[in-house]
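Chain residues, written in single-letter form:
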Amino acid sequence: MTFVTHSAEETIQLGKKIGSMLQPGAIIAMEGNLAVGKTTITKGIAESLGIEEAITSPTFTLISEYEGKMPLYHMDVYRLDSCEDFINLGVEDLMYGDGVSIIEWSERVREELPKFTITLRLEIRGDGGRDITLENWPYGEIQE
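Residues numbered from 1 in each chain as written. Predicted model: local features only at pLDDT ≥ 70, side-chain atom pairs only at ≥ 80, totals over all residues. Heavy atoms only, no water.

Caption draft 1: Highlighting the side chain of Asp 76. Secondary-structure assignment places Asp 76 in strand β4 (residues 72-76). One buried charged residue, Asp 76, remains without a salt bridge, the closest side chain of opposite sign being Lys 38 at 7.1 Å. Polar contacts involving the side chain of Asp 76 include one to the main-chain amide nitrogen of Tyr 78, which spans 2.9 Å. (Helix = DSSP H or I, 4+ residues; strand = E, 2+ residues; numbered from the N terminus. Buried < 20%, exposed > 50% of the residue type's maximum accessible area, 1.4 Å probe, protein only. Lys, Arg positive; Asp, Glu negative; His and termini not counted. Salt bridge = Lys/Arg side-chain N within 4 Å of Asp/Glu carboxyl O. Polar contact = N/O pair within 3.5 Å; in protein donor to acceptor, adjacent residues only side chain to side chain.)

See the structure below:
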């Protein structure tokens, strides 16, 4: 399933639609270059989960935890050196818990993610918009 957004607000709105359908235990593996909108779409997902706290990139904290209708674990693995570093963060408890896990730069730890992981790939279009592709999405159609 591929969507096109043309502004940060449209990307947030798509995130809200995605987030409203997520179930506890969902894992989203985000892929895309710097400044492609990974944190922006996470803001929409968080909003749909009733999280009022400001969502920022967890690049330096590695994992940010937010409380809402269900917990949101926002991870950024860009600075990790190995999959072993990822596991040593204690992410298994988070990923197999009752919250939603979002992992930015997930391609670095792909081999450690379960088969049911949803992939969300973001790419910048020539017109400045974003192509946002969902793979392994188990929740049915998302209305644009």
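Caption draft 2: Inspection of helix α1 (residues 8-21) at higher detail. End to end, α1 covers 20 Å across 14 residues, agreeing with the expected 20 Å (1.5 Å per residue, within 8%). Among all positions of α1, only Thr 11, Ile 12, Leu 14, Gly 15, Ile 18 and Gly 19 are buried. Down the axis, α1 shows its buried residues gathered within 160 degrees of arc, on one side only. (Expected span 1.5 Å × (residues − 1). Arc of directions from axis to C-beta.)

Caption draft 3: Focus on the pattern of salt bridges. According to the stated counting rule, one finds six salt bridges in the structure shown. Residue Asp 127 is joined to Arg 125 by a salt bridge in which the shortest nitrogen-to-oxygen separation is 3.4 Å. The exposure class of Arg 125 is partly exposed, given its relative accessible area of 29%. One network of salt bridges, in which partners are shared, links Glu 31, Arg 110, Arg 121 and Glu 135.

Shape descriptors only; they carry no functional weight alone.
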